[in-house]
Amino acid sequence: MKTSEILSHVDHTILKAFTTWEDIQKLCDEAIEYQTASVCVPPNYIKRIHDTYGDKINICTVVGFPLGYSTTKAKLAEVEQAIEDGVEEVDMVINITDVKNGDFDKVTEEIRSLKQAVGDKILKVIIETCYLTKEEKIAMCKAVTEAGADYIKTSTGFGTAGATMEDILLFKEYIGPHVKMKAAGGVKSVEDMEAFLEAGCDRIGTSSAISLIQGREGKDY
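### A few points about the nonpolar core
- Formed by 59 residues in total, the largest nonpolar core has its most connected members in Ile 49 and Ile 111.
- Among residues more than four places away in sequence, those in contact with Ile 49 are Trp 21, Ile 24, Cys 28, Val 41, Gly 54, Ile 57 and Ile 59.

As structure tokens, then:
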């Protein structure tokens, strides 16, 4: 697979708590140079990125991140602010406590509410697979589909584990035809990225893609 093809599916990511503007500039400059799908950044940097780079860059951010248990009202406020600041894509974390309590209808309604809020912008739903049973993952495939979200995403990169091929194959079996897949966390090599894309993922979330392409080691965040 050509390098350019791989990178066109990458959400070039930096979500560390101590991320500086210098870090963000480096990320954005790399994203423009290598033509990644987006930059995935902390919400507080959206407006500054938008004001600095304009339409040269596709901005993605996170909502309810990384634990997911903020209220729906709080997540909606985050979405509203992010859109006002210039974001085009939102990666939300589901309320994992609701999943564990078996309240799948509540999770579905929250996803639906956020999709209505983002409108024609992209909503990706992080289900944090490392904390879920197979049955819960299947239930989340159905919830994401029924709620009308654009993507199902494996992981935050802050949990106990990241994307696995087993989970991607499970997603493929149970998501609806309009739902795309994003693998994130645990992407350690160019071969990993190729494998996830060949398995049907449309996006890869990693901070390491460019350094890996360049032959350097990196870490996922």
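### What to know about the packing of aromatic side chains
- On inspection of all chains with the given rule, the structure shows two aromatic pairs.
- With 5.3 Å between their ring centres and 90° between their planes, Phe 65 and Phe 158 make a pair best called edge-to-face. Of this pair, Phe 65 sits in the loop between strand E3 (59–63) and helix H4 (72–85) while Phe 158 sits in the loop between strand E6 (151–153) and helix H8 (165–174), and the two are 93 residues apart along the sequence.
- The exposure class of Phe 158 is partly exposed, given its relative accessible area of 38%.
- Cation over ring: Lys 124 sits above Tyr 151, and NZ or CZ is 5.8 Å from the ring centre.

### Quick word on the pattern of salt bridges
- Under the definition given, this model contains 18 salt bridges.
- A salt bridge links Glu 88 to Lys 121, with the nearest nitrogen and oxygen atoms 3.4 Å apart. In this pair, Glu 88 sits in the loop between H4 and strand E4 (89–93) while Lys 121 sits in the loop between helix H6 (104–118) and strand E5 (122–126), placing the two residues 33 residues apart along the sequence.
- A salt bridge links Asp 91 to Lys 182; its shortest N-O distance comes to 2.7 Å. Here Lys 182 lies in strand E7 (residues 180–184) and Asp 91 lies in strand E4, a separation of 91 residues in the sequence.
- Its relative accessible area of 0% is what places Asp 91 among the buried residues.
- In this structure, a network of salt bridges that share partners links the residues Asp 11, Glu 89, Asp 91, Lys 124, Lys 153, Lys 182, Asp 202 and Arg 203.

### Here we look at the confidence of the model for the protein
- Confidence along the protein averages 96 in pLDDT terms, with 97% of residues attaining 70 or more.
- Here residues 216–221 is a poorly scored stretch, pLDDT under 50, and it has 18 contacts once near neighbours within four places are set aside; other chains count.

### Section: the pairing of E5
- The element E5 is largely enclosed, with a buried count of four among its five residues.
- Across five bridges, E4 lies against E5 in parallel orientation. Paired with Met 92 across the two strands is Val 125, which belongs to E5.
- One ladder, built from three bridges, connects E5 with E6; its direction is parallel. The residue of E6 that forms the bridge with Ile 126 is Lys 153.
- Regarding the hand of the β-α-β motif, the stretch spanning E5, helix H7 (residues 134–147) and E6 is right-handed.

The rules behind the values
Residues numbered from 1 in each chain as written. Predicted model: local features only at pLDDT ≥ 70, side-chain atom pairs only at ≥ 80, totals over all residues. Heavy atoms only, no water. Core = buried A, V, L, I, M, F, W, Y, C linked by side-chain atoms within 4.5 Å. Buried < 20%, exposed > 50% of the residue type's maximum accessible area, 1.4 Å probe, protein only. Contact = heavy atoms within 4.5 Å. Phe/Tyr/Trp six-rings, centres within 6.5 Å; stacked < 30°, edge-to-face > 60°. Helix = DSSP H or I, 4+ residues; strand = E, 2+ residues; numbered from the N terminus. Lys NZ or Arg CZ within 6 Å of the ring centre and 35° of its normal. Salt bridge = Lys/Arg side-chain N within 4 Å of Asp/Glu carboxyl O. pLDDT = per-residue confidence, 0-100. Pairing = 2+ DSSP bridges. Right-handed = clockwise from strand over helix to strand, strands pointing away.

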